[in-house]
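If you want the building blocks of each chain, they are given just below.
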Amino acid sequence: MEYQEAKEKFISTWGSLGSLWGINKAMAQIQALLFISTQPLSMEDIMEDLKISRGNTSMNLRQLMDWGIVTKVLVSGERKEFFTTEKDVQELARIVAKERSRREIRPVIKVLEEVSTIKDDGTEKTKELIKQTKALNQLTQDLDTLMNKMVNQKQNWLTKSVLKLMK
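Thresholds applied
All residue numbers refer to position in the chain's written sequence, counted from 1. Local features in this predicted model are restricted to residues of pLDDT 70 or higher, and side-chain atom pairs are both shown and tallied only at a pLDDT of 80 or more, whereas totals for entire chains, interfaces and linings draw on every residue. Only hydrogens and water are set aside when side-chain values are computed; all heavy atoms of the structure are taken into account. For helices the rule is a DSSP run of H or I covering at least 4 residues; for strands it is a run of E covering at least 2, with both sets numbered from the N terminus onward. Partly exposed describes any residue whose relative accessible area lies between the buried limit of under 20% and the exposed limit of over 50%, with all areas from a 1.4 Å probe on protein chains only and scaled to the type maximum. Residue contacts follow a heavy-atom distance rule, with two residues in contact if any of their heavy atoms lie within 4.5 Å. Calculation of accessible area relied on Shrake-Rupley with a 1.4 Å probe; when residues are assessed, cover is drawn exclusively from the protein chains displayed. Here the rule is simple: two strands pair whenever DSSP picks up at least two bridges between them. Note on aromatic pairs: the rings of Phe, Tyr and Trp (six-membered ring only in Trp) are paired at centre separations within 6.5 Å, and the planes decide the class, stacked below 30 degrees, edge-to-face beyond 60, tilted for the rest. Each patch is assembled from residues with relative accessible area greater than 30% and no salt bridge, linking like charges that lie within 9 Å and nonpolar side chains (Val, Leu, Ile, Met, Phe, Trp, Tyr) that lie within 5 Å. Take a side-chain nitrogen of Lys or Arg and a carboxyl oxygen of Asp or Glu: if they are within 4 Å of each other, that pair is a salt bridge. Where helices are involved, their axes are fitted lines through C-alpha atoms of the stretch in contact, as for all axes, and angles between N-to-C directions lie from 0 to 180°. Put simply, angles under 35 degrees are roughly parallel, angles over 145 are roughly antiparallel, angles from 65 to 115 are roughly perpendicular, and the rest are oblique. Basically, the charged four are Asp, Glu, Lys and Arg, the nonpolar ten are Ala, Val, Leu, Ile, Met, Phe, Trp, Tyr, Cys and Pro, and anything else, Gly included, counts as polar.

A. Broad picture of the overall build of the protein chain. Broken down by element type, the protein chain carries seven helices and three strands. Helices (α) and strands (β) of the protein chain occur, in sequence order from the N terminus, as α-α-β-α-α-β-β-α-α-α. Across the 167 residues in the protein chain, those meeting the buried criterion constitute 35%. Put simply, of all contacts in the protein chain between residues at least 6 apart along the chain, 55% involve residues at least 24 apart. Here the protein chain has roughly 10900 Å² of accessible surface; of this, 56% comes from carbon and sulfur atoms.

Okay, here's the thing in structure tokens:
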């Protein structure tokens, strides 16, 4: 397999996997392109390489910057904006995990807390709702706490955390 074919295959596969970490295909493909680029890319470079519109590129770059995965970089002598991404895969995983917790898990915990503290009217269905949502709330909070402990261990957090679990 030659470079161009391997590059396209990687970007395509990474794009398909994007939904697993909560982003759309184009957003994941932009991040993948930046991830394997040896230098920062302009919006035009990204548009040309991925064959996507300016609006799509702009919107997804903004979202990637909101996630903390992509940053703007100044290139001396250039008027265009250039972009780069985190190159350390473990740091990238840490950023994604923290952001998913903030965007997805914590709002669920808030809803579960609200639902599990409804007034108990003494009926069996209300007691069951309270019991199950409290259990689910506790599990969700425990998993969020575990994930936060893992992501707060900066250096090689993923590897260290998995190895600790295996012992």
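Next comes the rest of the description.
B. Quick peek at the pairing of strand 3 (residues 82–85). Examined bridge by bridge, strand 1 (residues 41–42) and strand 3 share two bridges and lie antiparallel to one another. Among the inter-strand pairings, L41 is bridged to a residue of strand 3, identified as F83. As paired elements, strand 2 (residues 70–73) and strand 3 share four bridges and run antiparallel to each other. Considered in strand 3, the bridge of V70 is made with T85.

C. Broad picture of the packing of aromatic side chains. All chains considered together, the criterion is met by two aromatic pairs. Residues F10 and W14 carry aromatic rings whose centres are separated by 5.4 Å and whose planes lie at 35 degrees to one another, so their mutual orientation is tilted. Taken together, the residues span about one helical turn, with F10 and W14 both in helix 1 (residues 3–17) at a distance of four residues. In this structure F10 comes out as partly exposed when scored by relative accessible area, which is 28%. Here W14 and F35 contribute two aromatic rings whose centre-to-centre distance is 5.9 Å and whose plane-to-plane angle is 10 degrees, an arrangement assigned as stacked. One end of the pair, W14, is in helix 1; the other, F35, is in helix 2 (residues 25–36), with 21 residues separating them in the sequence. Joined through ring pairs, the aromatic side chains of F10, W14 and F35 make up one cluster.

D. Structural context of a nonpolar patch on the surface. A surface patch of nonpolar side chains, about 360 Å² in accessible area, is lined by L136, L139, L143 and L146. For L139, the position within the fold is in helix 6 (residues 124–151).

E. Just the packing of helix 2 against helix 3 (residues 43–50), in detail. Two numbers describe how helix 2 lies on helix 3: the axes approach to 11 Å, and their chain directions differ by 110 degrees. It follows that helix 2 is roughly perpendicular to helix 3 by the angle criterion. For the pair formed by helix 2 and helix 3, the contact residues are Q29, I30, L33 and L34 on the first element and I46, D49 and L50 on the second. Across the contact of helix 2 with helix 3, the residue classes break down as five nonpolar, one polar and one charged.

F. The arrangement of the pattern of salt bridges in detail. Scanning all chains against the criterion turns up nine salt bridges. The partner of D49 in a salt bridge is K7, with the nearest N and O atoms 2.7 Å apart. Residue D49 is found in helix 3, and its partner K7 is found in helix 1; the two are separated by 42 residues along the sequence. The salt bridge partner of E99 is R102, with a shortest N-O separation of 2.5 Å. Here the residue E99 and the residue R102 both occupy positions in helix 5 (residues 89–116), the gap between them amounting to three residues, near one helical turn.

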